[in-house]
Amino acid sequence: MNAMAEEKAIFAGGCFWCMVKPFDQMPGIKTVVSGYTGGHVPNPTYEQVGSGLTGHTEAVEITFDPDVISYEQLVEIYWQQTDPTDAFGQFADRGDSYRPVIFYNSPEQKAVAERSKERLQASGHFDKPIVTSIEPAKTFYPAEDYHQDYYKKNKLHYKMYSEGSGRAGFIRKNWK
């Protein structure tokens with residue numbers, strides 16, 4: 001690949017605030033944008049998505065350099081931010097807009113995600129089935145500015161939310 005190589009990955013794992021920091025700090029990551037995907041309403045707002053009527057899921061769109069970090073590595077990071085056995089939301093966030101999904105942008109991404117999910121299931125790491133969906137990417141709509149880089153702009157609230165939602169404790173118990 002050339003020096004200007006760039007690909008996109010889209011992951012949903014509950015509240016998008018908590019999905020930015022783990023990717024944002026990795027070499028080869030150019031941008032991590034919080035937003036909405038998978039629904040039927042163009043340019044949805046946070047309030048509309050939260051209503052559950054648009055069909056969107058909160059997600060992050062990651063622009064990365066595949067010469068520095070592979071899509072496979074991103075999928076591995078993704079698993080370690082989620083409870084892949086919970087299809088009905090993540091931690092304190094419940095409902096379709098918080099469901100765990102790997103949205104693929106190519107047949108290659110789909111194959112990588114499916115193989116990774118099969119490996120995780122076969123590993124016995126969890127007693128329950130791995131239920132994270134793997135779906136084709138749809139239009140990604142960036143969220144409002146106040147949602148971008150939330151962990152940097154609202155450090156205390158981000159930490160309280162991550163701990164209070166159960167996410168941080170789950171990650172410590174199951175992934176560290």
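Residues numbered from 1 in each chain as written. Predicted model: local features only at pLDDT ≥ 70, side-chain atom pairs only at ≥ 80, totals over all residues. Heavy atoms only, no water.

- Named according to an unreviewed UniProt entry, the protein is Peptide methionine sulfoxide reductase MsrA originating from Candidatus Enterococcus ferrettii.
- Turning to the protein, the UniProt record has this under Sequence similarities (unreviewed entry): "Belongs to the MsrA Met sulfoxide reductase family."
- The annotation that UniProt attaches to the protein under Function (unreviewed entry) is "Has an important function as a repair enzyme for proteins that have been inactivated by oxidation. Catalyzes the reversible oxidation-reduction of methionine sulfoxide in proteins to methionine." (UniProt positions renumbered as here; feature names shortened; annotations may be inferred.)

### Details of the overall build of the protein
Here is step 1 of the chain: Regarding its fold elements, the protein presents seven helices and eight strands.
Here is step 2 of the chain: Here the C-alpha atoms of the protein give a radius of gyration of 15 Å, agreeing with the 16 Å that 2.2 N^0.38 yields for 176 residues.
Here is step 3 of the chain: With 176 residues in all, the protein has 50% of them scored as buried.
Here is step 4 of the chain: Sequence separation of 24 or more characterises 75% of the internal contacts of the protein that already satisfy a separation of 6 or more.
Here is step 5 of the chain: Computed over 19 positive and 23 negative side-chain charges, the separation of the two mean positions in the protein equals 5 Å. (Helix = DSSP H or I, 4+ residues; strand = E, 2+ residues; numbered from the N terminus. Rg over C-alpha atoms; globule rule 2.2 N^0.38 Å. Buried < 20%, exposed > 50% of the residue type's maximum accessible area, 1.4 Å probe, protein only. Contact = heavy atoms within 4.5 Å. Lys, Arg positive; Asp, Glu negative; His and termini not counted. Charge placed at Lys NZ, Arg CZ, Asp CG, Glu CD.)

### Concerning the nonpolar core
Here is step 1 of the chain: With 40 residues, the main nonpolar core has Phe 11, Phe 23, Ile 62, Leu 74 and Ile 102 as its most contacted residues.
Here is step 2 of the chain: By size, the runner-up hydrophobic cluster in this structure holds six residues, among which are Ala 12, Ala 59, Phe 103 and Phe 140. (Core = buried A, V, L, I, M, F, W, Y, C linked by side-chain atoms within 4.5 Å.)

### Quick word on the sheet that holds strand 8 (residues 140–142)
Here is step 1 of the chain: In space, the six strands of this open sheet follow the order 7-6-1-3-2-8, with mixed pairing throughout. What marks the edges here is a single partner per strand, and that holds for strand 7 (133–136) and strand 8. Here the strands of the sheet are splayed against their neighbours by 35 degrees on average, with no regard to which way each runs.
Here is step 2 of the chain: The pairing of strand 2 (residues 29–37) with strand 3 (residues 57–64) spans eight bridges and is antiparallel. Considered in strand 3, the bridge of Thr 37 is made with Thr 57. (Pairing = 2+ DSSP bridges. Axes fitted to C-alpha atoms, helices over the stretch in contact; angles between N-to-C directions.)

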